[in-house]
Amino acid sequence: MTKKSMNAAVSLLALAAVTCGPALAAGPGAVDEPIRLAMLEWTGAQISARIAGKVLEKAGYKVDYVTAGNYPHFQGLADGDIAASVEIWLNNVGDVYPKVLAEGKVEDIGSLGLTTNEGWIYPKFMEEICPALPSWEALKDPDCVALLATPDTLPNGRFLDYPADWGSRAATIIADNTLPLTAVPSGSEGAQIAELRAASAAKTPLVMMFWAPHFILAEVEVGWVEMPPCKDQSNEHCIMPPDVNKVVWSGFSQKWPAAYEILKAFRFSTEDQQQMMLAIDEKGQSLDAVTTEWVAANEATWRPWLDQALN
Amino acid sequence: MVSESIMLSCRALWKVFGPRPGYYFDTSGYRIDPEALVTRLRQEGHIPAVADATFDVRKGEIFVIMGLSGSGKSTLVRCLSRLLDIEHGVLEFEGRDLSRVSGRELTEIRRRKMGMVFQSFGLMPHLTALENVALPLKLQGMARAPREARARKMLELVELASREDALPAQLSGGQQQRVGIARSLAPDPELWFLDEPFSALDPLIRRQMQDEFLRLQRQLKKTIIFITHDIMEACRLADRIALMQGGRIIQIGTPADILLKPADDYVASFTAEVALSRAIRVRDLAQPGAAEGPPVAPEALLETLLADLASGRQRFPVQGQPGQVLEADAVLAVLRRDAGGG
Amino acid sequence: MARFSRSERLWAVLLAVSALMVVLAHQMPVLRGFPTALTLPLSEALNAVITPVFEALRPIGRLLSTMIEAPLAAIRAGLAWAPWPATVLGLAMLALYAGGRRLAVFALLALGVVALMGYWPKAMNTLALVLISVPLAVGIGFALGALGHLVPKARAGLIFLLDVMQTWPAFGYLIPLLLMFGFGPAAGLAASVIFSIPPMVRNTMLGLDEVPPAIVESALMAGARPGQLFWQAKVPVAMPQLMVGVNQTTMASLSMVIIIAIIGGFNDIGWEVLSAMRAAELGRSLGAGLVIVLIAVLLDRITRGFAGRRRGVAPRWLGPGLMAALVLALLLPGEALLPDEEGQRWLRRLDAWLLGFVAWSAPVFAVLRNAITYGVMLPMRLGFSGAASPMVWGFALSAPVTLTYIAVSLGGVVALGCRAPWRGIGFGFAALVFWTGLPGFPWPGVFLLMGFATWRAGGAGLFALAMGALLLAGVSGLWQPMMQSIYLCAVAVLISFAIGATLGVIAAESDRFSALLRPVSDTLQTMPQFVFLIPALMLFRVGEFTALIAIVLYAVVPPIRYVEHGLRSARADLTEAAVQMGATPWQLLWQVKLPLARGSVRLGLNQTIMAALSMLVIAALVGTRELGQQVYVALSRADAGAGLIAGAVIAAIALVADRLLRAPVA
């Protein structure tokens, strides 16, 4: 999996910003044909897609939203059935994406700008029963490990890993540090969230692999384990914050040149996304209402993208 | 009433079920004794359902094929109508070899010249009585108005005109079979097959239907092949009876022939239950001679003479047949057999 | 012992060989798991073949998908344009026509609930999918069924194909379909059609085969040509059975809505269920699941209503009524009438309740979970030899413990074997499996036993199928996942059958209980199984136990249905005779009714196994290590070959289990 560090991504973007200055204004292209944006399963991605779509509409484009499974939708992007997907977590793209990227069927147009995090989390109350937390040393403490143990993992403590199909770094890191833990694959994101909710409600101990931003983190108070030093800096042995990028179909820039510039400039802050997730998932507001509100309130943010692309 | 011209003729007809029935009948014809072939077929896992059947059906006669279940009578009638292909033999219908006609010709023959009534009625459950009767005409491609008019006429013939819109499920068994009869008669066939038409009905209804059948036949004068397992029914209806056992026809003759001169013990045991006085007719026992007094009808059953016999009459002239008489002794001999057998 | 029959002697020899292998396996690890040295890169090889083939099929796939998508878009647009009161009215009138007043009231209520929960647009998208996939499946299924009826030689192959289509997990062939049709509803629709064709084919064959011979003969004697015979006699007579096929196909097609949503592109109810599952929101997923249940029940009753009526003329009010609905649709603005977010908010409240319940009940469920894990699952998985450790059972596998186990096993075999050899042999195998645990049973032993059993029960064909599947699993490195799958299904089937059969017995005795149980069974069977995963996860946490619960919830329905049906249809004269002889209710049940219902009970067991196997893939969502998980991993990696192989092994297990159970006990 291609994996760039945050710094590299930022500098690349800076470079892109320099090369695509205002001088390079583009024509709008096929305005009558709707741009099909992927709506992936999770709220964050849906918010990003809606905002990107609404900004594109402001620029005079038609937009269709296509609900799509994360893995299958790469095939759609490669074929042009889906024109763009604006929130792709590069740590979770399966095997299709690298292939179609290498074949030039899709184009990575840079970071969405989210500040991401990935690591091991635990419900906050555990700091009372394992006082050494958030240090990783706590996970060596037999008393603490005993709290985590289950029939399946005895005598080790249970560590809830990513679903098996996402790949497992946690098992490697546990082995690197000879922690008395057994990594158990969770099966799905829903399973992880359900466990976290239940653990916090019933005060049952839990340590699991997770990432941010995620709406559940606004609902359940968690702590992040301070990770042990990496054995080496590779993706296998070390957890680094994942990149979240925007990806378009290879024919996008030709068909909708200005929209291409707008999406390239499209960036979005973690705080904004998290607030909207909270409004939708916890307060039950509609996706459409929340994103419309954001677009209305943040013209200062998106107007320059349009101007730069269209003027 | 029965003419001498032959409508359907079969010679050495064979129908065999089993893994490779064709093997036993090469094109030049089988040459061994049928009895031996039947034995061999059975030993080698085949069922000779019809073995070496030979008979003619004359125009206008009621030819009854009778036998117990498993005797091959239903198979035989299906061979005659070509619902089943025969293994061997000659089957001629109005002089044409029925076993060689193409599918299209066969369909044409069935559409115009054959009708068939089935034991389980075979009515289309999704069609009304009228539509069922009109079905053969519809299949021929007749337009709606004429075929419904014809179907209505047929329903009137079987006295069911009032139920033309009823579905089969709404009709009684007897009524359903009337529809079946009307349907088989709708294209005005020349050869009429009836495969145990009344066996599924109650005894009382059965009797009624038999009478009705005879009434129809007097009116229509079809050539009829009638299948039954009931010897009484056979004797009531038949001009001639073919008796089957184990795939073979063991005797062909008039009811009186079968009853009075059984070919073997099997036929004799079969007919033992029959009250002869109710099955034998005056014409069956008539002999040359002369007599005085009121004549008796040739088709009258012997039992109708009992009162006269009791009064001591010795001879009866036969109506319309001068020179023919019925001797009281002959009648008494039959009655004696009834008493002994009963 | 002279009383041994030949097959008993053979089984006894097999038992001895297996025992020897179990003993040897302690010394020779090569006997324990399928040797890795024997694995081959099968999935890569398969991919090298499949990928080009399906990519070559691409143009056809694209053509087909455009052909499908045009009418789909039209139906979708039509349903989206009609304001929901008009659609509700139209459907209610259809229900009134098909099933009478009660069905119409149900239709009004059900659709009203759908609209109030805020799922109307998504439900209409789902309806559009069903309206496209059902006619396709019915058409193809009818054609195949007619083929099977008219060409008896094609039949054996066709039936095998149908069995495979129904047992092969759809997830396993999504990737090739995606390659062929590209992204969009067409790939999902194709999967749905593949899965829902078999009931139509089976019912078509059954219906056409069972047309009474008198009908066929009477049509022939009336002068019907082959075409006329088929269309004017056989098809109309078989129509009620064909409608049963349409009904079952509709249900199967609805159950595939979620699979279509995995690919996405359609914003339907299935998508909603998946999204809610992803966010672990019980309320939302329950609401969306309820929509599917309601649509399923409604379509079921309507199609059954049509199947039940022989012929009918549309009543006079139907035309004007539908016109009125149309006028209403033209007059009313579409979206303005949709209720706002209130329904959704209400659904979300369920989640708070669930969390409260979890917090309150966690200790109780922890005890339940531990009891079954320690008592049933671990011994079945690790075996006595693995579970007898200080960590699990509190005592170590010392020499005396081992000797005691051996002594008890041998004693049991001899004691039972003296009375009835079968029991002794059965006990012997049970003791062996209990010692190693199912997944740890020596692999040559599995080959040997399966080979022998399939050969005796089903002859060469079944033998080849079973051996092929075992070999395929072993060679492609799926031996452990396969044994895990078998173990998980075995435990689930044991539990489901015990619970389901008990409930079925009670339901057969009590009409009131039966009436109470029926909607529960209906819901368990039509509710997307994903919905049950969320509460199960919260109560029992990630792992095999939750998977077990999810499987049991689904697989418990067939034994309830079949046992109840079997007991209720026990012949009245025989039960009366038994009562007359003075049988107590208990004797009546065990000695008369259950033996009489044996066929039905066995079919129930068969269906329980099928249901459990079909849940494997879904159970993988809560973290298991079996074949279902392999199918998932393959799906996410877009590894068509691996998905097909794992799917094939699951299908083969199902087929072998089915054939073994159907064979007369030998």
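For clarity, every value in this text was computed on a predicted model and none was experimentally measured. Along every chain, residues carry numbers that run from 1 in the direction the sequence is written. For this description, chains carry letters from A and ligands carry numbers from 1, given in the order in which they are written. The predicted origin of the model limits local features to residues at a pLDDT of at least 70 and limits the giving and counting of side-chain atom pairs to 80 or more, whereas totals for whole chains, interfaces and linings rest on all residues.

As for the sheet that holds strand β2 (residues 47-58) of chain B
Residues and elements named next belong to chain B. On the basis of which strands lie adjacent, the open sheet formed by four strands has the order β2-β1-β4-β5 and antiparallel pairing. Bordering the open sheet on either side are β2 and β5 (96-97), each of which pairs with just one other strand. Relative to β2, strand β1 (residues 6-17) is paired through eight bridges, and the arrangement is antiparallel. Bridge pairing in β2 places isoleucine 6 opposite arginine 58. Here the contact rule is simple: place C-beta atoms from the backbone, and any two residues whose C-beta atoms are within 7 Å are in contact. To obtain an axis, a line is fitted to C-alpha atoms, over the contacting stretch when the element is a helix, and the angle between two such axes runs from 0 to 180 degrees between their N-to-C directions. Think of it this way: any DSSP run of H or I at least four residues long counts as a helix, any run of E at least two long counts as a strand, and we number them from the N terminus. Against the sheet, helix α1 (residues 34-43) touches β1 and β2, its axis set at about 145° to β2. The strands that helix α2 (residues 73-80) touches are β1, β2 and β4 (88-93); relative to β2, the one it contacts most, it runs at about 60°. Strands qualify as paired when DSSP identifies two bridges or more between them.

Description of the sheet that holds strand β13 (residues 324-327) of chain B
Residues and elements named next belong to chain B. Taking strand neighbours across the sheet as the criterion, the three strands line up as β11-β13-β12 in an open arrangement whose pairing is antiparallel. Two strands bound the open sheet, and with one partner strand each, they are β11 (287-288) and β12 (315-317). With two bridges joining them, β11 and β13 adopt antiparallel strand pairing. Within the sheet, the bridge partner assigned to glutamine 287 lies in β13 and is valine 325.

Remarks on the packing of helix α2 (residues 42-56) of chain C against helix α29 (residues 640-662) of chain C
Residues and elements named next belong to chain C. Orientation of α2 relative to α29, taken along the N-to-C sense of each, is 115°, at an axis distance of 7 Å. Classified by the interaxial angle, the pair formed by α2 and α29 is roughly perpendicular. Every pair of crossing elements has a handedness; the one defined by α2 and α29 is right-handed. For the pair α2 and α29, contact is made by Leu42, Ser43, Glu44, Leu46, Asn47, Ile50 and Thr51 and by Ala640, Gly641, Ala642, Leu644 and Ile645, respectively. The residue classification treats Ala, Val, Leu, Ile, Met, Phe, Trp, Tyr, Cys and Pro as nonpolar and Asp, Glu, Lys and Arg as charged. All others, Gly included, are polar. Split by residue class, the contact of α2 with α29 holds seven nonpolar, four polar and one charged. In what follows, roughly perpendicular refers to angles from 65 to 115 degrees, roughly parallel to angles under 35, roughly antiparallel to angles over 145, and oblique to any angle outside these ranges. We call a crossing left-handed when the near helix sits turned anticlockwise from the far one by less than a right angle, and right-handed when that turn is clockwise.

Digging into the arrangement of the chains
Interchain contacts are distributed over two pairs of chains, and the most extensive set of them lies between chains A and C. Across the gap from chain A to chain B, with no contact made, the nearest C-alpha atoms are 47 Å apart.

With respect to the domain arrangement of chain B
Residue and element names in this part refer to chain B. Splitting chain B by domain gives domain 1 (6-274) and domain 2 (278-341). For the side of domain 1 that touches domain 2, the leading source of residues is helix α9 (residues 255-260), giving three residues. Of the residues that constitute the side of domain 1 that touches domain 2, the class distribution is six nonpolar, no polar and no charged. Bear in mind that the domain bounds are from an automatic or database domain assignment.

Overview of the interface of chain A and chain C
In this complex, chain A contributes 43 residues to the contact, which on the side of chain C involves 50 residues. Elements represented by at least two residues in the side of chain A that touches chain C include exactly β2 (63-67), α3 (72-79), β7 (181-185) and α8 (189-202) of chain A. Looking at which element gives the most residues to the side of chain A that touches chain C, the answer is α8 of chain A, with 10 residues. Looking at side-chain class alone, the side of chain A that touches chain C contains 20 nonpolar, 13 polar and 10 charged residues.

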